Each structure stands twice: as C-alpha cells, then as structure tokens.
Amino acid sequence: MLFEYDHMVRHIYTDGREHPKDLDPTWMGNSIGRWEGDTLVIDTIGFNDKTWLDRVGHPHSDQLHVIERIRRAAQDTLQIDFNIEDPKAYTKPIASTMYFELKPKWDIMEQVCMDNVSFLDFENNEKVPAK
C-alpha cells in the first residue's frame, strides 16, 4: 500500500508466511494477508509505540493486534472492516468500518507537510490562503 500522506509504504505479505518470532516494532507493524473469497484479510502486529490508531491519538500497547477485512462493497466502493484488540489498553475489542469511493481520475500527489496544506484542511477540501 502506498499512502499519499507522508509517503508511507505498507507491505502486506500474501505468500503464506507467518509473523516473525523476533519482530522489530515499526510504524506500520508487520502485516500478513490472505484471501477469503473476495475479501482480503490482513493480520497486523508489531507496532511501535509511536503508531497512531486514528487522528485523535488513542493509546495502544505492544499488544496491539489489528485485523482488517477489505472488499468491494460495490463497483466504486471499497469497504474496510477493522477489529482492534489490545488487552493492555482496552477492556474489549474495538470494531469499525470505513468506506472509500473510487476516484479513477485522481493521482497520488506529493504531500509534504511544509509545502502543502495541513492534512485536516486537505481532507476537508478547504482552501488555505497563500502565505
């Protein structure tokens, strides 16, 4: 996965491997994927303590475990179901769903914090006055 914001790259291994036993924690964690019918199921562990679960910055521990189920809900809609577990940080699993609309004419642009609008302004499609 290539992310426009901050040029983050996430590797999701789908070759049948397991998570490494001696995992070094990283921002994106260690992700392994498998197909269940038309759904890509991604199992991720090994996040470092700097990872953000969301824009608010909800906490997590070294026990964070995220399962994502990605599928096309419609021809132009991607649905991602999340299941977040962290027994050190939360008393029960957290489940959520996000939807993304296909934008075939969009290109991934260069997004650099110092040069572009802030992420929230960009997300809200607000014009930011030139300085």
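Before reading further, recall that the structure is shown in the block above.
Keep in mind that this is a model prediction, so the values were computed, not measured.

Undergrad: Would you explain the environment of Ala-74 in this entry?
TA: Positionally, Ala-74 belongs in strand β4 (residues 65-74). Taking relative accessible area as the criterion, Ala-74 reaches 36% and is therefore assigned partly exposed.

Undergrad: Looking at this structure, I do not really get the sheet that holds strand β5 (residues 77-85). What am I missing?
TA: Remark on secondary structure: sheet strands pair via backbone hydrogen bonds, oriented parallel or antiparallel. Ordered in space as β1-β2-β3-β4-β5-β6, the six strands form an open sheet in which the pairing is mixed. Where the open sheet ends on each side, the last strands, each with one partner, are β1 (12-13) and β6 (94-101). Taken together, the nine bridges between β4 and β5 define a ladder with antiparallel strand orientation. Bridge assignment links His-65 to a residue of β5, and that residue is Glu-85.

Undergrad: I keep staring at the pairing of strand β2 (residues 30-36) and nothing clicks. Help me out?
TA: If a strand is regular, its side chains alternate between the two faces of the sheet. Here two bridges tie β1 to β2, and the two strands are oriented parallel to one another. Within β2, the position partnered with Ile-12 by the bridge is Ser-31. Relative to strand β3 (residues 39-45), β2 is paired through seven bridges, and the arrangement is antiparallel. Directly across from Arg-34, in β3, lies its bridge partner Val-41.

Undergrad: For this particular structure, what's the right way to read a nonpolar patch on the surface?
TA: On the surface, a cluster of nonpolar side chains totalling about 300 Å² of accessible area is made up of Leu-2, Val-9 and Ile-108. In this fold, Val-9 is placed in the segment before β1. You can call Val-9 partly exposed: its relative accessible area is 46%.

Undergrad: Before we go on, may I ask you to explain the pattern of salt bridges in this structure?
TA: Side-chain pairing between opposite charges can occur once the charged atoms of the two side chains come close. As enumerated under the stated definition, the model contains seven salt bridges in all. Here Arg-10 ties to Glu-68 by a salt bridge, and the two come within 2.5 Å at their closest N and O atoms. Here the residue Arg-10 occupies a position in the segment before β1, and Glu-68 occupies one in strand β4, the gap between them amounting to 58 residues. Overall, Arg-10 belongs to the buried group, its relative accessible area being 9%. A salt bridge links Glu-101 to Lys-103; its shortest N-O distance comes to 3.6 Å. Using a relative accessible area of 53% as the deciding quantity, one classes Glu-101 as exposed. Members of the salt-bridge network, linked through shared partners, are Arg-34, Glu-36 and Arg-69.

Basis of the calculations
Residue positions are given per chain, counting from 1 as you read along its sequence in written order. With pLDDT at 70 or above as the cut-off, local features in this predicted model cover only qualifying residues; side-chain atom pairs require 80 or more to be listed or tallied, and sums for whole chains, interfaces and linings still use all residues. To obtain the side-chain values, all non-hydrogen atoms of the structure were included, while hydrogens and water were left out. Put simply, DSSP H or I for four residues or longer makes a helix, DSSP E for two residues or longer makes a strand, and each gets a number counted from the N terminus. For every residue, the accessible area obtained with a 1.4 Å probe (protein chains only) is divided by the maximum for its type, and the residue is called buried under 20%, exposed over 50%, and partly exposed between those limits. Paired strands, as defined in this entry, are two strands with at least two bridges between them according to DSSP. To count toward a patch, a residue needs a relative accessible area over 30% and no salt bridge; like charges are then connected within 9 Å, while nonpolar side chains (Val, Leu, Ile, Met, Phe, Trp, Tyr) are connected within 5 Å. Using a 1.4 Å probe, accessible areas were evaluated by the Shrake-Rupley method; residue-level cover was limited to the displayed protein chains. Here, a salt bridge means any Lys or Arg side-chain nitrogen found within 4 Å of an Asp or Glu carboxyl oxygen.

Treat this as a map of the structure, not an account of what it does.
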